[in-house]
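Residues per chain, in single letters:
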2 protein chains.
Amino acid sequence: MRIEDEIHQKEFTDDYRRLLVNLLFTNNWVNQQVMPFFKRLGLTLQQHNVLAILRGQHPEPVCFGDIQNRMVDRNSNVTRLIDKLIEKGFATRDICQANRRMIEVRLTEKGMKKLQEVDDRFPELLEHFHNLSQEEALLVSNKLDKLRG
Amino acid sequence: MRIEDEIHQKEFTDDYRRLLVNLLFTNNWVNQQVMPFFKRLGLTLQQHNVLAILRGQHPEPVCFGDIQNRMVDRNSNVTRLIDKLIEKGFATRDICQANRRMIEVRLTEKGMKKLQEVDDRFPELLEHFHNLSQEEALLVSNKLDKLRG
DNA sequence: CATAAATATTTGTATGCACAAGTAATGTAT
DNA sequence: ATACATTACTTGTGCATACAAATATTTATG
């Protein structure tokens, strides 16, 4: 459905303005697909993002700064995210002995299993994106890369 | 910059997954351009969205339900948004005499001036999108429409 | 006409996020 | 060695958001 119809607006003054509004609107749409998906699995999007980063280094630990730099949403408060993951038994935290300002975060077995569970169901989530062909998905992705510069 | 490099990930298992992450990441990027822009003008993105909807009907009033249906972010709590706008003197609220369940919201002169101020500066904001050509902006916008179905 | 259903908005609450200030450990310069 | 700056993480606070329940008004039904 055209963005003009979605928000009941006649037309946009220019294509960039249309793109801006469309990106904001589409983001809400994406969140409405993604949030319930993760909620059903007992995670938030960002908690899952951290778990995936931890798996990338497993069994090596990852420190907070590195987690932050690899996150899709850089504004997250890593301290409190990790608190939640530890509370749920998906991660552990230890002070790094080489540099005691740093915290080593590791994935647990339980966290690993939860990630596997997410992976198993991921195709369900991606189905929502199949209105675009694979070529179109790739094209849009590349244009978004270009947009951000 | 490629999304893989932004989040330090080697590569994605498939193009749809890449698109999903790219949309989420790009949304954060967009917010980082948009939020400070509106903050400098003493508004939030959503407050501006409501003001623009009110202008669309001015001098006729708009009721809450219609505002909600036209908003880019449908999850907003319209009651509390309008409270803020009235507090700032940008809008007024009256009970509709024809149907007293409904609230008529109108733009004030002050609100109109604030919108004009935003319009005057809008080109600054849109500059951030000029990494894409006008054709590309249009293309991406159309693909996003298609994605949502 | 009384009652139930539907509509439109409001309020409560728990959670999440943004931003700023705070703490603790380490590095650097004199 | 001491003082200052930097780094890495933590905490506090106010504001925004999501979701559910509540209220008030109108419409529909027997």
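Computed from a predicted structure; not experimentally measured. (Residues numbered from 1 in each chain as written. Chains lettered and ligands numbered in written order. Predicted model: local features only at pLDDT ≥ 70, side-chain atom pairs only at ≥ 80, totals over all residues. Heavy atoms only, no water.)

Quick look at the protein's contact with DNA strand C
Turning to step 1, where the next piece is worked out: Neighbouring DNA strand C are 17 residues; Phe64, Gly65, Thr79, Arg80 and Arg93 of chain B lie closest to it.
Turning to step 2, where the next piece is worked out: Restricting attention to atoms of DNA strand C within 4 Å of the protein, one finds that 71% of them are sugar or phosphate atoms.
Turning to step 3, where the next piece is worked out: At a separation of 3.1 Å, a phosphate oxygen of DNA strand C approaches a polar backbone atom of Phe64 of chain B.
Turning to step 4, where the next piece is worked out: Note that a phosphate oxygen of DNA strand C is positioned 2.8 Å from one of the side-chain N or O atoms of Thr79 of chain B.
Turning to step 5, where the next piece is worked out: Elements represented by at least two residues in the surface near DNA strand C include exactly helix H5 (78-87) of chain A together with helix H4 (64-70) and helix H5 (78-87) of chain B.
Turning to step 6, where the next piece is worked out: Counted by class, the surface near DNA strand C contains four nonpolar, six polar and seven charged residues. (Near = heavy atom within 4 Å. Polar contact = N/O pair within 3.5 Å; in protein donor to acceptor, adjacent residues only side chain to side chain. Helix = DSSP H or I, 4+ residues; strand = E, 2+ residues; numbered from the N terminus. Nonpolar A, V, L, I, M, F, W, Y, C, P; charged D, E, K, R; others polar.)

Describing empty space enclosed by the protein
Where empty space is left can be seen by rolling a probe of water-molecule size over the atoms.
Turning to step 1, where the next piece is worked out: Counted under the stated rule, the structure contains one cavity of 30 Å³ or more.
Turning to step 2, where the next piece is worked out: For the largest cavity, the calculated volume is near 60 Å³.
Turning to step 3, where the next piece is worked out: Considering the residues around the largest cavity, the lining is formed by Leu23, Thr26, Asn27 and Val30 of chain A together with Leu23, Leu24, Thr26, Asn27 and Val30 of chain B.
Turning to step 4, where the next piece is worked out: Counting residues per element, the ones that place at least two in the lining of the largest cavity are helix H2 (15-40) of chain A together with helix H2 (15-40) of chain B.
Turning to step 5, where the next piece is worked out: In terms of residue class, the lining of the largest cavity is built from five nonpolar, four polar and no charged. (1 Å grid on protein atoms, 1.4 Å probe; cavity = no way out; pocket = protein on both sides within 12 Å on 5 of 7 lines; lining within 4 Å. Points joined across faces, edges and corners; volume = space filled by probe spheres on them.)

With respect to the relation of the copies chain B and chain A
Turning to step 1, where the next piece is worked out: Superposing chain B onto chain A takes a rotation of 180 degrees combined with a translation of 0.0 Å along the rotation axis, leaving an RMSD of 0.0 Å. What we have between these two chains is a two-fold relation.
Turning to step 2, where the next piece is worked out: Taken as a fraction of all interface residues of chain B, those also at the interface in chain A reach 100%, which identifies the copy contact as same-surface. (Least-squares fit on C-alpha atoms with pLDDT ≥ 70 in both. Contact = heavy atoms within 4.5 Å.)

A short note on the domain arrangement of chain A
Residues and elements named next belong to chain A.
Turning to step 1, where the next piece is worked out: In terms of domains, chain A is made up of domain 1 (1-40) and domain 2 (44-148).
Turning to step 2, where the next piece is worked out: The distance between the C-alpha centroids of domain 1 and domain 2 comes to 25 Å.
Turning to step 3, where the next piece is worked out: Contacts between the two partners involve eight residues from domain 1 and, on the opposite side, 12 residues from domain 2.
Turning to step 4, where the next piece is worked out: Carbon and sulfur atoms supply 84% of the area buried between domain 1 and domain 2, which totals about 900 Å² over both sides.
Turning to step 5, where the next piece is worked out: Three residues stand out in domain 1 for area buried against domain 2, namely Gln33, Phe37 and Phe38, and they jointly supply 59% of the buried area on that side. (Domains from an automatic or database assignment. Buried area = accessible area lost by both parts, 1.4 Å probe.)

Here we look at the packing of aromatic side chains
Turning to step 1, where the next piece is worked out: As enumerated under the stated definition, the model contains six aromatic pairs over all chains in all.
Turning to step 2, where the next piece is worked out: A ring pair is formed by Trp29 of chain A and Phe129 of chain A, whose centres lie 5.8 Å apart and whose planes are at 70 degrees; its orientation type is edge-to-face. Residue Trp29 of chain A is located in helix H2, and its partner Phe129 of chain A is located in the loop between helix H6 (109-127) and helix H7 (134-148); the two are separated by 100 residues in the primary sequence.
Turning to step 3, where the next piece is worked out: Its relative accessible area of 14% is what places Trp29 of chain A among the buried residues.
Turning to step 4, where the next piece is worked out: In textbook terms, an aromatic cluster arises when at least three aromatic residues are bridged by ring pairs, as seen for Phe37, Phe38 and Phe122 of chain A.
Turning to step 5, where the next piece is worked out: Over the face of the ring belonging to Phe122 of chain B we find Arg17 of chain A, whose NZ or CZ atom lies 3.7 Å from the ring centre. (Phe/Tyr/Trp six-rings, centres within 6.5 Å; stacked < 30°, edge-to-face > 60°. Buried < 20%, exposed > 50% of the residue type's maximum accessible area, 1.4 Å probe, protein only. Lys NZ or Arg CZ within 6 Å of the ring centre and 35° of its normal.)

With respect to H6 of chain A
For an α-helix, 3.6 residues make a turn, and residues three or four places apart therefore share a direction.
Turning to step 1, where the next piece is worked out: The end-to-end C-alpha distance of H6 of chain A, which contains 19 residues, comes to 29 Å, matching closely the 27 Å that a straight helix rising 1.5 Å per residue would cover.
Turning to step 2, where the next piece is worked out: Structurally, H6 of chain A contributes buried residues whose contacts are with H2, helix H3 (45-57) and strand S3 (103-107) of chain A together with H2 of chain B. (Expected span 1.5 Å × (residues − 1).)

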